[in-house]
There are 2 protein chains.
Amino acid sequence: MPSQYGQFCPVAKAMELLDERWTLLVVRELMLGSRHFNALRRGLPRMSPALLSKRLHTLVRAGVVERWEDGNRVTYRLTESGRELEPIVDALGRWGIRWIPELGDADLDPHLLLWDIHRNVDTEAVPDGRTVIVFSFPERATARRWWLVIAADGVDVCDVDPGFPVRVTVQADLRTLTRVWRGDLAWSEALGSGAVLLRGEPQACRALPRWLRLSSVALTPRPGGSPQPVAAR
Amino acid sequence: MPSQYGQFCPVAKAMELLDERWTLLVVRELMLGSRHFNALRRGLPRMSPALLSKRLHTLVRAGVVERWEDGNRVTYRLTESGRELEPIVDALGRWGIRWIPELGDADLDPHLLLWDIHRNVDTEAVPDGRTVIVFSFPERATARRWWLVIAADGVDVCDVDPGFPVRVTVQADLRTLTRVWRGDLAWSEALGSGAVLLRGEPQACRALPRWLRLSSVALTPRPGGSPQPVAAR
DNA sequence: CAGTATCCAGTTGGATACTG
DNA sequence: CAGTATCCAACTGGATACTG
């Protein structure tokens, strides 16, 4: 039961639902294509399953999400009402990247970063056959190496070596690579300063920034005319 | 201290601030022109002063609001960052009016309604001199009559008779008048059905819907092609 | 006018374990 | 796979009173 503002104002009525913690992030995950309970959990690792379940029920009751059972498989998807939240979520992302640029250490998460990157690989740009990219975060005590396996049938993330030959190794600290992903730091600058190191065939290293698309808000203009990261050529 | 999502996603970073209860309603009040603590309180009657104070401080720390002391008067206003939330708040209002049309009894509040109406009087359309409109909510046990005093120097709301001659009396139940204000119900329909009764000179009664502007979201198209309330001619 | 101080009941949600 | 169940510590915010 979302708490009530006691106002007939439509902004207040909208926020009674949407300002509950996690709610709009669940909606964001659904917008990004997650359809099943455990897929949603992967994008929301700090959310307990009990709470995710509760939020989904609230969203279903509010008509924002529909729950579909086929057999023993459950599918969630946005209704028309939920899809109309997309411009709002997008605008919140653009506002956030402009006005809340600082990240705390607690905001960094290699699993989430790899998960985002894997969702945005430009498979057209990657050579045919299997391409494996290793991400190495040497400053970390655990979860220091991640493998991105790009093949014809999709893209996978692993935190254990799948054993295939590696085409490129990307070495950086997690904060730097996160900033590149968000568009806070341009590839060119990160590579030029040595903050990101690429190892592998020179041609593959040169091509890598085109294989990995950045966050959808990466190109949002920043306030104060700070130099704008440029997209990969 | 807003709680943390542990995500670098800019939507998550934005919501860490903005999904705290009341926060976006404070921002909305500032957008509507409130500048002082007690002015904000008038638009947020169910919010305790301690909580309003806390939210304002959080917004100032986040760079969304600036606090200005001149003498012993304190002024709050939105920064550039805060002003950039306006399209988001507007979009939330349009989404809310489309997808959360039902109002509970707890959402109805004559003081808030009169306060909204008073902020939106079209003083150009009202005859010169003083015009007093009485709003009568006969079904209510308390706060049954409200006076709107429109003069050259501004518009006032009273819940006690200011003693001036009354030009028009608007009688309706609170829910009906709230629905008219929100654009859920057209003036023409409300008057035609007798749900709203106007008393006074016929000419003034005919003109009244043009004196009172409706909510800024009143003309938002509704889903499902339900008949759209029309603006006052 | 513009808040602060205090108290405390109620709610929230994290952790963990478990189920059909 | 898709959740429930349970427990409980922490937080939240409402009420009320008070201050410079």
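Residues numbered from 1 in each chain as written. Chains lettered and ligands numbered in written order. Predicted model: local features only at pLDDT ≥ 70, side-chain atom pairs only at ≥ 80, totals over all residues. Heavy atoms only, no water.

J.: How would you explain the relation of the copies chain B and chain A if you had to name every residue and give the values?
T.: Superposing chain B onto chain A takes a rotation of 180 degrees plus a shift of 0.0 Å along the axis, which leaves an RMSD of 0.0 Å. As the rotation angle and translation indicate, the two copies are arranged about a two-fold axis. Considering only C-alpha atoms, the residue of chain B closest to the rotation axis is D19 of chain B, which sits at 2.2 Å. The residues that chain B uses at the interface reappear at the interface of chain A in 100% of cases, marking a shared surface. (Least-squares fit on C-alpha atoms with pLDDT ≥ 70 in both. Contact = heavy atoms within 4.5 Å.)

J.: Go over the protein's contact with DNA strand D with me, naming the residues and quoting the values.
T.: Near DNA strand D lie 16 residues; those nearest to it are N38, S53, R67 and Y76 of chain A together with R55 of chain B. In DNA strand D, atoms within 4 Å of the protein come from the sugar-phosphate backbone in 88% of cases. Contact between DNA strand D and S53 of chain A: a phosphate oxygen at 2.6 Å from a side-chain N or O atom of the residue. Here a phosphate oxygen of DNA strand D sits 3.4 Å away from a polar atom, N or O, in the side chain of R21 of chain B. Among the elements of the structure, α3 (37-43), α4 (49-61) and β2 (73-78) of chain A together with α4 (49-61) of chain B are those that each provide at least two residues to the surface near DNA strand D. Sorting elements by how many residues they give to the surface near DNA strand D places α4 of chain A first, with four residues. Residue classes in the surface near DNA strand D are distributed as eight nonpolar, four polar and four charged. (Near = heavy atom within 4 Å. Polar contact = N/O pair within 3.5 Å; in protein donor to acceptor, adjacent residues only side chain to side chain. Helix = DSSP H or I, 4+ residues; strand = E, 2+ residues; numbered from the N terminus. Nonpolar A, V, L, I, M, F, W, Y, C, P; charged D, E, K, R; others polar.)

J.: A description of the protein's contact with DNA strand C should follow, citing residues and the corresponding values.
T.: Taken together, 15 residues lie near DNA strand C, and R55 of chain A together with N38, S53, R67 and Y76 of chain B sit nearest. Within 4 Å of the protein, the atoms of DNA strand C are drawn from sugar and phosphate moieties in a proportion of 85%. One of the side-chain nitrogen or oxygen atoms of R73 of chain B is found 3.1 Å away from a phosphate oxygen of DNA strand C. At 3.4 Å from a phosphate oxygen of DNA strand C is found a main-chain nitrogen or oxygen belonging to V74 of chain B. Contributing elements (two or more residues each) for the surface near DNA strand C: α4 of chain A together with α3 (37-43), α4 and β2 (73-78) of chain B. Partitioning the surface near DNA strand C into residue classes produces seven nonpolar, four polar and four charged.

J.: Break down the UniProt feature "domain: HTH hxlR-type" (unreviewed entry) in chain A for me, with residues and values.
T.: When the UniProt feature table is mapped to this numbering, "domain: HTH hxlR-type" (unreviewed entry) covers residues 9-104 of chain A. Spanning residues 9-104 of chain A, this segment combines 58% helix with 12% strand, and its end C-alpha atoms are found 35 Å apart. (UniProt positions renumbered as here; feature names shortened; annotations may be inferred.)

J.: Kindly report on the sheet that holds strand β7 (residues 196-200) of chain B, identifying the contributing residues and their values.
T.: All names here are of chain B. The mixed open sheet is built from five strands, whose spatial order is β5-β4-β3-β6-β7. In this open sheet, the two edge strands, each paired with only one partner strand, are β5 (154-158) and β7. Pairwise comparison of adjacent strand axes, ignoring direction, gives a mean angle of 15 degrees for this sheet. Strand direction decides the pairing type here: strand β3 (residues 131-136) and strand β4 (residues 145-151), joined by six bridges, are antiparallel. Pairing of T131 across the sheet is with I150, part of β4. Packed on one face of the sheet, helix α7 (residues 110-119) meets β3, β4 and β5 and runs near 15 degrees to β4. (Pairing = 2+ DSSP bridges. Axes fitted to C-alpha atoms, helices over the stretch in contact; angles between N-to-C directions.)

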